[in-house]
Amino acid sequence: MAHAQPNRRIAIVPGPQFIDYRTVIPPVGFSPAPVNIISPSFHHVHQVEVLVPFNPPVLAPVGYTLNPAILIRMDEERTQSLFQFMVNEGLVPSPEEEMKRKDAIAKLKQMLLTWIKKVAWKRRLPKHQRTCATILTYGSYGLGVHGSDSDIDALCVGPWFATMEEDFFIDLRNMLQSRREVSEIHCVKDAKVPLMRFKFDGISIDLPYARLKVLYVPENIDILNPFFLRNIDEISWRSLSGVRANIRILQLVPNLENFQSMLRCLKLWARKRGVYGNLLGFFGGVHLAILAAFVCQRHPNASVNALISKFFESFAFWPWPTPVMLQDGMMPMVGNVAEIRSFMPIRLPCSPFEFCHSNITRRTFQRIRAEFLRGHAMTRDLLRTNFVWNSLFQPFPYTKKYPRFVRIFLSTSDQNELGDWVGWVKSRFRSLLVKLEEEQSIYDPNPSEYVDPDVAEPNIVFFWGLQPGQSSFTDIESIGKSFMKNINNGYEGSCGRIELSIVEASQLPKNA
Ligand SMILES: Nc1ncnc2c1ncn2[C@@H]1O[C@H](COP(=O)(O)OP(=O)(O)OP(=O)(O)O)[C@@H](O)[C@H]1O
Ligand SMILES: [Mg+2]
Ligand SMILES: [Mg+2]
């Protein structure tokens, strides 16, 4: 192994890290060949750094040069082991599961045809008038990144004469309810995007509604065509934005398969690390999809391994709150953009380029940043020999990190009412997150939902971590009461129970 000679000035390479390589054995990926850049300092000439334009940057000892063939092989090996990891984790649903989803969508489309004909008859449209309504899938299913437990986001697109209030939320709901495949049907009317949520053959379906100024909605409708978008109402426009955003993402990513694999992995990472769940102040699927697409656009030829490494590098050091937006040559229309800025603003890639809705708070922002940095530290060094993907996806160790937890207990006397009640409370969680932050508590809202088997009533329990030393946090009951007031307002069903208390880590259920 070649040694640089002490006190011999050869060249100056500025850089933050200088390592004494005199005793270093040539690592994997380096060939013994002379390197012509040497010496970061006038005093310690034997220390050298060579940054190689490869992802991620690696340090080469003096006298050794990087062997690109080996680096490419290592990159391929890591990508292959990631694919194997995805198989082991069951990240891609089986062909049978995919068939079941396709079948559910086909049956729903068929039901819509029957429904729209009935509505046309009710509205006394001429008998010869042809009419049609259809379904456009979007969300993770539309992007091809859904897992076995993902929902299907399916937009019902109907003609102008079918109203949302009556025809969609009453008639279609009744039709759905009469089907044996359908269960747990709920109407979510007061949301930004109103929808029906139900299970079809056990698969969760989100079904919002958009009404176009046409009599016939073709099955293969081009929803980006301005002809279909003219004069539509505000709610329909909002409901369509998910579909339009999906189409743009699919058009903008240079390598769809790599994007899909990367996003599947990122969703698993975010779930395992406790940073997935828009209502709890973390990422929703759409946020991760746009961040992943952003990285794919900038690195069109990168492998999935390199894309994941670049993802962490990009967003660990991103100058938040500078917004992230996809490059598509179009700037947001000034004055027409809802300027709802968040700690991590991410713009939708379709006009008017609004920000994705986000519940991220100061505290959850810090938590996400910490996870980005962890991901970066683990994936940056391509030549690390003890690297295993499994460690990146290790579940966040809540009980090791936090000695105490806020326990949020939700229950109803009737099992059928629990889903609605929990959904309603979760949709108001942001006010609780902000309240806890005002109390200066360092807390960590674990998005996982647990069931307390020792309680007879149907229930769901959340455990949010509390940092050590947060002993001033005694007023949990009054926080609970003020939160209860907030959530009782406007709930249409019969309110269930909610209790907030502080518990020790040892009191958590075993599966937490
Ligand atoms: N916060 C949001 N801001 C903007 N659009 C959103 C937001 N949440 C959901 N949407 C729209 O609704 C779609 C479906 O949302 P959903 O919560 O089902 O996430 P998803 O991407 O399908 O991931 P998952 O696999 O968890 O279901 C998103 O793709 C997006 O178009
Ligand atoms: Mg979804
Ligand atoms: Mg959904």
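Residues numbered from 1 in each chain as written. Chains lettered and ligands numbered in written order. Predicted model: local features only at pLDDT ≥ 70, side-chain atom pairs only at ≥ 80, totals over all residues.

With an unreviewed UniProt entry as reference, the protein is termed Poly(A) polymerase, source organism Tetracentron sinense. One UniProt comment on the protein, placed under Function (unreviewed entry), says "Polymerase that creates the 3'-poly(A) tail of mRNA's." Note on the protein: under the UniProt heading Subcellular location (unreviewed entry), the record states "Nucleus". (UniProt positions renumbered as here; feature names shortened; annotations may be inferred.)

1. Here's the deal with the overall build of the protein
Counting secondary structure elements, the protein contains 15 helices and 13 strands. A sequence separation of at least 24 residues applies to 69% of the contacts in the protein between residues at least 6 apart. (Helix = DSSP H or I, 4+ residues; strand = E, 2+ residues; numbered from the N terminus. Contact = placed C-beta atoms within 7 Å.)

2. Digging into the site of ligand 1
Near ligand 1 there are 16 residues, and of these Gly139, Ser140, Gly242, Gly285 and His357 occur at the shortest range. Contributing elements (two or more residues each) for the shell around ligand 1: α3 (139-143), α6 (234-252) and α8 (285-298). When grouped by side-chain class, the residues that make up the shell around ligand 1 number 4 nonpolar, 9 polar and 3 charged. Looking at the shell around ligand 1, you find at least three residues from each of domain 2 (95-249) and domain 3 (253-392). (Near = placed C-beta within 6 Å. Nonpolar A, V, L, I, M, F, W, Y, C, P; charged D, E, K, R; others polar. Domains from an automatic or database assignment.)

3. Focus: helix α10 (residues 362-379)
Its 18 residues give α10 an end-to-end C-alpha distance of 26 Å, which sits within 8% of 26 Å, the value for a rise of 1.5 Å per residue. For α10, the elements touching its buried residues are α7 (256-272), α9 (304-316), α11 (389-392), α14 (429-438) and β11 (443-445). (Expected span 1.5 Å × (residues − 1).)

4. Quick notes on the sheet that holds strand β10 (residues 404-411)
Taken together, 4 strands build an open sheet; the order of strands is β11-β12-β10-β13 and the sheet is antiparallel. Every interior strand has two partners, whereas the edge strands, β11 and β13 (497-504), have only one. Ignoring which end each strand starts from, the neighbouring axes of this sheet average 25° apart. Across the face of the sheet, helix α13 (residues 415-427) comes into contact with β10, β12 (459-466) and β13 while running at roughly 135° to β10. (Pairing = 2+ DSSP bridges. Axes fitted to C-alpha atoms, helices over the stretch in contact; angles between N-to-C directions.)

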